[in-house]
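Each chain is listed here by its residues.
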Amino acid sequence: LLPMQLDPLGGLRSALVATDDNEPVANVAVSFYVDDQFIATVFTGADGRIPIPENTPAIGNLRMEFAKEESYNNGVTITDLIKMQKHILNTELMTAYKLLACDVNNSNTLTTLDMIRIRKLILTVTPDFGDGGVPSWQFFSADQAFPDPLNPWFPGPRSNVFNFTMEAGFRLPDFVAVKSGDANGNAMVN
């Protein structure tokens, strides 16, 4: 018996990858695995939609791995450091997603240590955010709730990998793309 295949116009087709400002993000690589079997890697289009591979089974354990490879410098400027400093000094608070973007050392806090790593990137001392640092882009499920927006960190390490159990009625959530180090949201998304 062959596993039931997803209808290409079915529930999974509406998954969107966009910034927290609702700007669609293109060229995000999304690798699909079902029951630990690689299905395919697809890329979001200009509309930010994730195309679903034709041979994706309709039931099973779905793992999706997100990546957007590009320069870490995209959208990262001295203006971001100023916004971070204002947040640390409690004079202008940032949103939950901007806090996650600026925690570039992946310590689940926003401190001057993050600012130092961003400064090194801006000055081209380092090509990325250093050992243990976050990738250029981070991805989150859009239905992720932040009970305390000023403390958006998760109990475990952040990851661009999502796991779902597909069964009758399953629909993919939309996803939020966060450009690491970009406190003011001016990164190019294409």
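All residue numbers refer to positions counted from 1 along the written sequence of the respective chain. Local features in this predicted model are restricted to residues of pLDDT 70 or higher, and side-chain atom pairs are both shown and tallied only at a pLDDT of 80 or more, whereas totals for entire chains, interfaces and linings draw on every residue. Computation of side-chain values: all heavy atoms of the structure, hydrogens and water removed.

1. Let's talk about helix α1 (residues 78-88)
Piece 1. Partly exposed residues are those whose accessible area sits between 20% and 50% of the maximum for their type, while under 20% is buried and over 50% is exposed, using a 1.4 Å probe and protein chains only. Numbering of helices and strands runs from the N terminus; a helix is a DSSP stretch of H or I covering at least four residues, while a strand is a stretch of E covering at least two. Of the residues making up α1, those classed as buried are Asp80, Leu81, Met84 and His87. Seen end-on, α1 carries its buried residues on one side only, within an arc spanning 120 degrees.
Piece 2. Buried residues along α1 sit against α2 (96-102) and α3 (112-122).
Piece 3. Just past α1, the residue Asn90 takes up positive phi, approximately 70 degrees. The reported arc concerns the directions from the helix axis to the C-beta atoms and nothing else. We call two residues in contact whenever any of their non-hydrogen atoms come within 4.5 Å of each other.

2. Things to note about the sheet that holds strand β5 (residues 137-141)
Piece 1. One bridge is not enough; two strands pair if DSSP finds at least two bridges between them. Here three strands make up an open sheet; going across it, the order is β1-β7-β5 and the pairing mixed. Lying at the two open borders of the sheet, with one neighbouring strand each, are β1 (17-18) and β5.
Piece 2. Summarising the sheet, β1 and strand β7 (residues 175-179) pair through two bridges and their orientation is parallel. The partner of Ala18 across the bridge, within β7, is Val176.

3. Here we look at the sheet that holds strand β2 (residues 29-34)
Piece 1. Pairing is antiparallel in the open sheet, where four strands are placed in the order β3-β2-β4-β6. Bordering the open sheet on either side are β3 (37-43) and β6 (161-166), each of which pairs with just one other strand. Strand-to-strand twist of the sheet, defined as the mean angle between neighbouring strand axes without regard to direction, takes the value 20 degrees.
Piece 2. In this sheet, β6 lies alongside strand β4 (residues 60-67) in antiparallel orientation, the contact comprising six bridges. Paired with Leu62 across the two strands is Phe164, which belongs to β6. The axes used here are C-alpha line fits, helices contributing only the stretch in contact, and every angle between their N-to-C directions lies in the interval 0 to 180 degrees.

4. A word on the packing of aromatic side chains
What describes a pair of aromatic rings is the distance from one ring centre to the other and the angle between the planes of the rings.
Piece 1. Here a Phe, Tyr or Trp ring, Trp counted by its six-membered ring, pairs with any other such ring whose centre lies within 6.5 Å, and the pair is stacked when the planes are under 30 degrees apart, edge-to-face when over 60, and tilted otherwise. Scanning the entire structure with this criterion turns up 10 aromatic pairs.
Piece 2. Each ring, one from Tyr33 and one from Phe38, has its centre 5.4 Å from the other, and the planes form 65 degrees; the classification is edge-to-face.
Piece 3. Looking at Phe38, the relative accessible area reads 48%, which means it is partly exposed.
Piece 4. Counting every residue linked through ring pairs, the aromatic cluster contains Phe66, Phe139, Phe162, Phe164, Phe170 and Phe175.
Piece 5. Geometrically, a charge over a ring is one whose NZ (Lys) or CZ (Arg) sits within 6 Å of the ring centre while staying within 35 degrees of the ring normal. Positioned above the aromatic ring of Tyr33 is the side chain of Arg63, whose terminal nitrogen or guanidinium carbon lies 4.0 Å from the ring centre.

5. A closer look at the pairing of β4
Piece 1. For β2 and β4, the ladder comprises six bridges, and the chain directions are antiparallel. Note on β4: the bridge partner recorded for Phe32 is Met64.

6. Examining the pattern of salt bridges
Piece 1. Here, a salt bridge means any Lys or Arg side-chain nitrogen found within 4 Å of an Asp or Glu carboxyl oxygen. Counted according to the given criterion, the structure contains seven salt bridges.
Piece 2. Among the salt bridges present, the one from Glu65 reaches Arg63, with a minimum N-O distance of 2.9 Å.
Piece 3. Taking the relative accessible area as the measure of exposure, Glu65 reaches 27% and is therefore partly exposed.
Piece 4. Close ionic contact of Asp103 with Arg158 constitutes a salt bridge, the shortest N to O distance being 3.0 Å. On the criterion of sequence distance, the pair formed by Asp103 in the loop between α2 and α3 and Arg158 in the loop between β5 and β6 is long-range, its members being 55 residues apart. The residues Asp103 and Arg158 share a single accessibility class, namely buried.
Piece 5. Overlapping salt bridges, with partners in common, bring together Asp20, Asp21 and Lys98 in one network.

7. As for the environment of Leu121
Piece 1. The topology assignment puts Leu121 in helix α3.
Piece 2. According to the relative accessible area criterion, Leu121 is buried, its value standing at 1%.
Piece 3. Between the C-alpha atoms of Leu121 and Asn73, which are 48 residues apart in sequence, the distance is 6.9 Å.
Piece 4. Setting aside anything within four residues of it in sequence, one finds Leu121 in contact with Tyr72, Asn73, Val76, Thr126, Pro127, Asp128 and Phe129.

8. Quick word on empty space enclosed by the protein
Piece 1. Buriedness for pockets is judged along seven lines, at least five of which must meet protein on both sides within 12 Å for an open set on the 1 Å grid over protein atoms alone, while cavities are sets there where a 1.4 Å probe fits but cannot get out, and lining residues have an atom within 4 Å of a point. Grid points are joined across faces, edges and corners, and a volume is the space filled by probe spheres set on the points. Across all of its chains, the model carries one cavity of 30 Å³ or more by this definition.
Piece 2. Residue lining of the largest cavity: 15 residues in total, with Thr19, Asp20, Lys98, Asp182 and Gly185 positioned closest to the centre.
Piece 3. When residues of the lining of the largest cavity are traced back to their parent elements, those giving at least two are α2 and β7.
Piece 4. By the convention adopted, Pro, Cys, Tyr, Trp, Phe, Met, Ile, Leu, Val and Ala count as nonpolar, Lys, Arg, Asp and Glu as charged, and the other residues, Gly among them, as polar. Grouping the constituent residues of the lining of the largest cavity by class yields seven nonpolar, two polar and six charged.

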